[in-house]
Amino acid sequence: MKVIIIAAGSATRLEKYTQKLPKGLLDINGKTILERQISMFRKRNISDITVIIGPHKEKFNFTDVKYIEDREYENHDVLQSLMEAKNLIQGEVIITYSDILFDEKILDQIIHSNTSIGIATDLDWEKNYAGRTEHPKYEADNVLIQDGKIIRIKKNLSSIQKNQQMGEFIGIIKLSKKGSEIFIKEFNKIKNKHSGPFQDAPSFEKSYLTDMIQELIDRNFLVEPIIICGRWCEIDTPQDLQNAKKLFV
């Protein structure tokens, strides 16, 4: 199993803290976000770790970690940043954002999940938005689940039927060998033929992982939720940063 961490974003909402520092290197009670992630992976004997870097690349100094530089990070968004490591998406792969803190319980649930294309999903997500005024609930990447599979992933999903569940995508994907093959094959098809808006993005170049996930769903590939239970948080705003320091001591 290998891990790919996307750390090529500009972190505009945290500019006060990230003018000269990548968001993944923000300090959370003595350890950076990436330090916490990498430590957990290594404790589980996952040593094949790649970090996709963008601004302030010189700040990254982890040993025994591979780096891939996204030189075009200003011209595209998360999906294209991930595809800088396209040749590494083979076999079992965990893909995560560099601004997500999560505990070992959640990581174990992801590692031991048996899915082809699985996305970590929190069904008890709404509690995380209490008092989160700088990043309100309507900005959550909601996941709509029916019959054990994901049928929609989109911000601000508002309606749900009796036979459905709604959760939040926490920013971690797990691909099996087959799932990796599907992901890359379909990405290449889209890249070679697509023009104009792509799912909720204005263009394929400006698309997110969630747009690619929805595209796979629309193409009738099975995308399953990995239901997680544990402590986690996204760090997107100064308020999130302070909350993270309370949650992860």
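Residues numbered from 1 in each chain as written. Predicted model: local features only at pLDDT ≥ 70, side-chain atom pairs only at ≥ 80, totals over all residues. Heavy atoms only, no water.

Undergrad: Which parts of the structure should I look at to understand the overall build of the protein?
TA: Counting its secondary structure elements, the protein contains seven helices and 13 strands. For the protein, the C-alpha radius of gyration of 17 Å lies close to 18 Å, the compact-globule estimate for 249 residues. Overall, the C-alpha framework of the protein stretches about 45 × 40 × 35 Å when taken along its three principal axes. Burial statistics for the protein: of 249 residues in total, 53% are counted as buried. Total accessible area on the protein is roughly 12,100 Å²; 46% of this is exposed by carbon and sulfur atoms. Side chains of the protein give 36 positive and 36 negative charges; the mean places of these two sets differ by 2 Å. (Helix = DSSP H or I, 4+ residues; strand = E, 2+ residues; numbered from the N terminus. Rg over C-alpha atoms; globule rule 2.2 N^0.38 Å. Buried < 20%, exposed > 50% of the residue type's maximum accessible area, 1.4 Å probe, protein only. Areas by Shrake-Rupley, 256 points an atom, 1.4 Å probe, with all protein chains shown as cover. Lys, Arg positive; Asp, Glu negative; His and termini not counted. Charge placed at Lys NZ, Arg CZ, Asp CG, Glu CD.)

Undergrad: Explain the packing of aromatic side chains here, please?
TA: How two aromatic rings sit relative to each other is given by the distance of their centres and the angle of their planes. According to the stated counting rule, one finds six aromatic pairs in the structure shown. Where Tyr-97 meets Phe-169, the ring centres are 6.4 Å apart and the plane angle is 70°; that geometry is what we call edge-to-face. With Tyr-97 in strand 6 (residues 93–97) and Phe-169 in strand 11 (residues 164–175), this pair connects stretches of sequence that are 72 residues apart. You can call Phe-169 buried: its relative accessible area is 4%. An angle of 80° between the planes, with centres 6.0 Å apart, marks the rings of Trp-125 and Tyr-129 as edge-to-face. Note on accessibility: Trp-125 and Tyr-129 belong to one class, buried. Aromatic ring contacts, followed pair by pair, group Phe-187, Phe-198 and Phe-204 into a single cluster. Directly above the aromatic system of Phe-248 lies the positively charged group of Arg-231, at a separation of 4.6 Å from the ring centroid. (Phe/Tyr/Trp six-rings, centres within 6.5 Å; stacked < 30°, edge-to-face > 60°. Lys NZ or Arg CZ within 6 Å of the ring centre and 35° of its normal.)

Undergrad: Would you mind showing me how to read the side chain of Asp-70 here?
TA: Looking at where Asp-70 falls in the secondary structure, it is placed in the loop between strand 5 (66–69) and helix 3 (78–82). Residue contacts for Asp-70: discarding those within four places in its chain leaves Ala-8, Ile-52, Ile-53, Gly-54, His-76, Ser-81 and Glu-84. (Contact = heavy atoms within 4.5 Å.)

Undergrad: Would you mind going over the pattern of salt bridges with me for this structure?
TA: Oppositely charged side chains can pair when the atoms bearing their charge come close. This model, assessed by the stated rule, comprises 20 salt bridges. A salt bridge links Arg-71 to Glu-69; the shortest N-O distance between them is 3.7 Å. The exposure class assigned to Arg-71 is exposed, which follows from its relative accessible area of 67%. Here the residues in one salt-bridge network are Lys-43, Arg-44, Glu-104 and Asp-108, joined through shared partners. (Salt bridge = Lys/Arg side-chain N within 4 Å of Asp/Glu carboxyl O.)

Undergrad: I'm lost on the layout of surface pockets in this one. Help?
TA: Once rolled over the atoms, a probe with the size of a water molecule shows which space is left empty. Put simply, the largest pocket is a space of about 1,200 Å³. Put simply, the parts of the chain that give the lining of the largest pocket at least two residues each are strand 1 (2–7), helix 3, strand 10 (149–155), strand 11, helix 6 (209–218) and strand 13 (232–234). Per-class residue counts for the lining of the largest pocket are 22 nonpolar, twelve polar and 15 charged. As a volume, the second largest pocket reaches approximately 270 Å³. Every residue lining the second largest pocket is counted, 15 residues in all, and those nearest its centre are Asn-128, Trp-232, Cys-233, Asn-243 and Leu-247. (1 Å grid on protein atoms, 1.4 Å probe; cavity = no way out; pocket = protein on both sides within 12 Å on 5 of 7 lines; lining within 4 Å. Points joined across faces, edges and corners; volume = space filled by probe spheres on them. Nonpolar A, V, L, I, M, F, W, Y, C, P; charged D, E, K, R; others polar.)

Undergrad: Is there a simple way to think about the pairing of strand 1 in this case?
TA: Of all six residues that make up strand 1, six are buried, and the element is covered over most of its length. Burial along strand 1 is two-sided: Lys-2, Ile-4 and Ile-6 and Val-3, Ile-5 and Ala-7, pointing in opposite directions, are all buried. Direction of pairing for strand 1 relative to strand 4 (residues 48–53): parallel, over a ladder of six bridges. Opposite Ala-7, over in strand 4, you have Ile-53 as the bridge partner. (Pairing = 2+ DSSP bridges.)

Undergrad: Can you walk me through unusual backbone geometry in this structure?
TA: Apart from glycine, the bulk of residues carry a negative phi angle, and the bulk of peptide bonds sit in the trans form. Positive phi, normally seen in glycine, also occurs at Asn-45, with a value near 60°. Following the sequence through the fold, Asn-45 ends up in the loop between helix 2 (33–43) and strand 4. The phi dihedral of Asp-64 is positive, around 60°, even though this residue is not glycine. Looking at the secondary structure, you find Asp-64 in the loop between strand 4 and strand 5.

Undergrad: Even after reading the chapter, I still don't get the environment of His-76, so can you show me in this structure?
TA: Mapped onto the secondary structure, His-76 falls in the loop between strand 5 and helix 3. Engagement of the side chain of His-76 in a polar contact is seen with the side chain of Asp-70, the distance being 2.8 Å. (Polar contact = N/O pair within 3.5 Å; in protein donor to acceptor, adjacent residues only side chain to side chain.)

Undergrad: Sorry, what's going on with the nonpolar core here?
TA: Most often, soluble globular proteins keep nonpolar side chains buried together rather than apart. Core analysis: the biggest nonpolar cluster contains 63 residues, and Leu-82, Phe-102, Ile-119, Phe-183 and Leu-209 have the highest contact counts within it. Membership of the second largest hydrophobic core comes to ten residues, among which are Leu-14, Ile-235, Ala-244 and Phe-248. (Core = buried A, V, L, I, M, F, W, Y, C linked by side-chain atoms within 4.5 Å.)

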